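# Commentary on secondary and tertiary structure
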Amino acid sequence: MEILDKFISQASGFVWGIPMLVLLVGTGLFLTIRLKGMQFWALGHAIKLIFHKEKSAKGDISHFQALMTALAATVGIGNIVGVATAITFGGPGAVFWMWITGLVGMATKYSEAILAVKYRQKGKNGYKGGPMYYLAEGLKMPKLAFAFALFTVVASFGIGNMTQSNAVANAMSSQFNTPTWVTGIILLTITSFVIIGGIKSIGKTTSFLIPFMIIAYVLTSLIIIITNYDKVGNAFYLIFYHAFNPIAAGGGFAGAAVAAAIRYGIARGVFSNESGLGSAPIAAAAAKTNDPVKQALVSMTQTFIDTLVVCTMTAVIILMAPVWTTGGSAGELTLKSFQFFLGDFGSIIIVIATILFGYSTILGWSYYGERAFEYIFGDKSIKLYRIVFVSFIVVGAMTELKLVWNFSDLANGLMAIPNLIALLLLSKVVSEETNRYFKS
């Protein structure tokens, strides 16, 4: 097992090395230039479309529900632990590079969604789409489409299931002394009730859960920021200064070079918002719309909300508190920072956020994995996937997951490769659709 763990860890490190990070950010930058920076000048219009309902539109769920399903999968442990990890290993400057990832990632997310809706298909279980369909139909590359679907299924059991249930179980155990197996059974039960109804049930659940979850987290963060406004300026100074200047070791902090800030900022940014991985367009394909651009604009706001709002709140509070300089565990950094300002209430907020964020990610990824599994094995395979998927929730809750984390990272990286190929080769289609919409 140790040999396997070492091999997978090395493979994951290779896949998520500098070339992949350059490819991810480079693709986003290329699309930003090709689309003339539309994520900046069209953001206001995109936000208005979130609640827009198109008459006689084809699809299974509303723009809002599709956005909430995608947010369910992305606003998760990465917003809590991922940000803390970036700062722990990359220093405050890593946050700046997370922002860059988010800004160019908006163009990536937009492009993914356009292609997902344009090449989607109507099946027995509703509308289906995503990278496997625009790879197969748009580029006539069925082998790459199959590879993407396979990696998505694997990732759904890892990063979308077991790692999330494990984080929730650990939070429940540490805060409420709940046995991990009990948490696993509870998560299995409430997940089963939701996913049995398919994307419509998932959409309804996430459209209620996600706004409440994000608003509560942001409001709590704003209370800390406003009541400690004198520390905000220094937090932003640290972010901008150390994005381009190394930070020396001090206290318990090990120090970080600029290269580390860039690497961990980009890696954790992508981990959080998933721009370029190809997961979110699977949900976008189910939206009720007659125009791919409309849903793409809505999907684009997902990256903005996840990285530029939620992750920023977490990062600023971490840098306002002195805890990050003491060299403690990245896994506890966000909790201790909130606790520094709010006492025990702060730790409870983070525990509750971990539980809700983890559960919502399970719901979102269950749909991604289901659609990928269906692509490989056909319509009749969905029930089997759901049974296996919820069973692994209990396994994740009760198991040490170092190997699963590394395997999940590897699967996520392998998902991104065929998707980024498709985005680059189909960028002309994205550009043409965008020009048609905004010039009409």
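Look a little higher up for the structure.
Read on for a plain summary of the structure. (Residues numbered from 1 in each chain as written. Predicted model: local features only at pLDDT ≥ 70, side-chain atom pairs only at ≥ 80, totals over all residues. Heavy atoms only, no water.)

### Concerning the layout of surface pockets
As a reminder, the rule being used: Throughout, the protein atoms alone are placed on a 1 Å grid, and a set of points is a cavity if a 1.4 Å probe fits but cannot get out or a pocket if it is open with protein on both sides within 12 Å along at least five of seven lines; lining residues have an atom within 4 Å of a point. Grid points are joined across faces, edges and corners, and a volume is the space filled by probe spheres set on the points. The helix and strand labels rest on DSSP assignments: H or I over at least four residues marks a helix, E over at least two residues marks a strand, and numbering proceeds from the N terminus. Any residue outside Ala, Val, Leu, Ile, Met, Phe, Trp, Tyr, Cys, Pro, Asp, Glu, Lys and Arg is labelled polar, Gly included; the first ten of those are nonpolar and the last four are charged.
Roughly 1200 Å³ of internal volume is contained in the largest pocket. What lines the largest pocket is a set of 41 residues, among which V81, T85, R268, G331 and W405 lie closest to the centre. At the level of secondary structure, the elements contributing two or more residues to the lining of the largest pocket comprise α1 (2-15), α6 (77-90), α9 (142-176), α13 (258-273), α16 (330-342), α17 (344-377) and α19 (402-425). Tallied by class, the residues present in the lining of the largest pocket amount to 19 nonpolar, 16 polar and 6 charged. If you trace the second largest pocket, you find it lined by I50, F51, F64, M68, L71, I210, P211, I214, I215, V218, I305 and V309. Residue assignment for the lining of the second largest pocket shows that the elements contributing at least two residues are α5 (63-74), α11 (198-227) and α15 (292-320). Examining the composition of the lining of the second largest pocket, we find that 5 residues originate from one element, α11, more than from any other. For the lining of the second largest pocket, the class distribution of residues is 12 nonpolar, no polar and no charged.

### Some details on a nonpolar patch on the surface
Definition in use: To count toward a patch, a residue needs a relative accessible area above 30% and no salt bridge. Like charges then connect within 9 Å, nonpolar side chains (Val, Leu, Ile, Met, Phe, Trp, Tyr) within 5 Å. Here the Shrake-Rupley method, with its probe set to 1.4 Å, supplies the accessible areas, and only the displayed protein chains count as covering residues. The term salt bridge refers to a side-chain nitrogen of Lys or Arg lying within 4 Å of a carboxyl oxygen of Asp or Glu.
On the surface, a cluster of nonpolar side chains totalling about 400 Å² of accessible area is made up of L384, I387, V388, F392 and V395. Position of I387 among the secondary structure elements: in helix α18 (residues 382-398).

### Observations concerning the packing of α6 against α15
This is how it is decided: Helix axes are fitted to C-alpha atoms over the stretch in contact, other axes to C-alpha atoms as well, and angles between N-to-C directions run from 0 to 180 degrees. An angle counts as roughly parallel when it lies under 35 degrees, as roughly antiparallel when it exceeds 145, as roughly perpendicular when it falls between 65 and 115, and as oblique in every other case. Two helices that cross are described as forming a left-handed crossing if the nearer one is turned anticlockwise from the farther one by less than a right angle, and a right-handed crossing if clockwise. Contacts are assigned to residue pairs that have any heavy atoms within 4.5 Å of one another.
Where α6 meets α15, the axes come as close as 9 Å, and the angle between the chain directions of the two elements is 60 degrees. Accordingly, the angle class assigned to the pair α6 and α15 is oblique. At the point where α6 passes α15, the crossing takes the right-handed sense. Contacts from N79, I80, V83, A84 and I87 of α6 reach α15 at D306, V310, C311, T314, A315, I318 and L319. Classifying every residue of the contact of α6 with α15 gives 9 nonpolar, 2 polar and 1 charged.

### What to know about the environment of Q164
Along the chain, Q164 turns up in helix α9. Linking Q164 and L342, residues 178 residues apart in sequence, is a C-alpha distance of 25 Å. Not counting chain neighbours up to four residues away, the residues in contact with Q164 comprise I77, I159, G358, T361 and I362.

### So, the environment of A235
Going by this rule: Each residue is assigned to one of three classes by its accessible area relative to the maximum for its type, calculated with a 1.4 Å probe on protein chains only: buried under 20%, partly exposed between the two thresholds, exposed over 50%.
Structurally, A235 can be placed in helix α12 (residues 232-242). The buried category is assigned to A235, whose relative accessible area is 0%. Apart from residues lying up to four places away in sequence, A235 is in contact with V316, L319 and M320.

### A look at α17
Because an α-helix completes one turn every 3.6 residues, residues spaced three or four positions apart along the sequence face the same direction. For the record, the criterion: Each helix should span, by expectation, one fewer than its residue count multiplied by 1.5 Å.
For α17, which comprises 34 residues, the first-to-last C-alpha distance of 49 Å matches the rise-based estimate of 50 Å (1.5 Å per residue) to within 8%. α17 sits mainly inside the fold: 27 of its 34 residues count as buried. Note on α17: the residue one or two positions beyond its end, G378, has a positive phi of about 95 degrees.

### Some remarks on empty space enclosed by the protein
In this approach the atoms are scanned with a rolling probe the size of a water molecule, which exposes any empty space left behind. Tallying each qualifying case throughout the model produces 4 cavities of 30 Å³ or more. Its boundaries defined by the atoms lining it, the largest cavity holds a volume of some 110 Å³. Put simply, the parts of the chain that give the lining of the largest cavity at least two residues each are α5, α6, α9, α13 and α17. In terms of residue class, the lining of the largest cavity is made up of 6 nonpolar, 7 polar and 1 charged. Of the volumes computed, that of the second largest cavity is approximately 50 Å³. Taken together, L24, V25, T101, V104, G105, T108, V270, N273 and S275 form the lining of the second largest cavity. Contributions of two or more residues to the lining of the second largest cavity are made by α2 (18-34), α7 (93-118) and α13. For the lining of the second largest cavity, the class distribution of residues is 4 nonpolar, 5 polar and no charged.

### Description of a positive patch on the surface
We apply this condition: Positive charge is attributed to Lys and Arg, negative charge to Asp and Glu, and no charge count is given to His or to the chain ends. In this description, the location of a charge corresponds to atom NZ of lysine, CZ of arginine, CG of aspartate or CD of glutamate.
On the surface, a cluster of positive charge is made up of K53, K122, K200, K204 and K288. Turning to its location among the elements, K122 is positioned in strand β1 (residues 121-123).

### Topic: the side chain of S337
For S337, the location among the structural elements is in helix α16. Contact partners of S337, with chain neighbours within four places excluded, come to I317, I318, A321 and V323.

### Observations concerning the packing of aromatic side chains
Let me state the cut-off plainly: Each aromatic pair joins two rings of Phe, Tyr and Trp (for Trp, the six-membered one) with centres within 6.5 Å, and gets the label stacked for planes under 30 degrees apart, edge-to-face for over 60, and tilted for any other angle. For a ring to carry a charge above it, either NZ of a lysine or CZ of an arginine must fall within 6 Å of the ring centroid while also lying within 35 degrees of the normal to the ring plane.
With the rule as written, the count across this model stands at 22 aromatic pairs. Stacked on the ring of Y127, the Lys or Arg K122 has its end atom at 5.8 Å from the ring centre. The cationic tip of R263 hangs over the ring face of Y264; the distance from NZ or CZ to the ring centre is 5.4 Å.

### Some thoughts on the nonpolar core
Stated formally: For the purposes of this section, nonpolar cores are sets of buried Ala, Val, Leu, Ile, Met, Phe, Trp, Tyr and Cys residues that join through side-chain atoms within 4.5 Å.
Core analysis: the biggest nonpolar cluster contains 145 residues, and Y110, L297, W324 and Y368 have the highest contact counts within it. Broken down by element, this core gets its largest block of residues, 15 residues, from α15. Dropping the residues within four chain positions of it, Y368 is found in contact with T69, A70, A73, T152, E274, S279, A280, I282 and A283.

Fair warning: the whole summary comes from geometry, so function is off the table for now.
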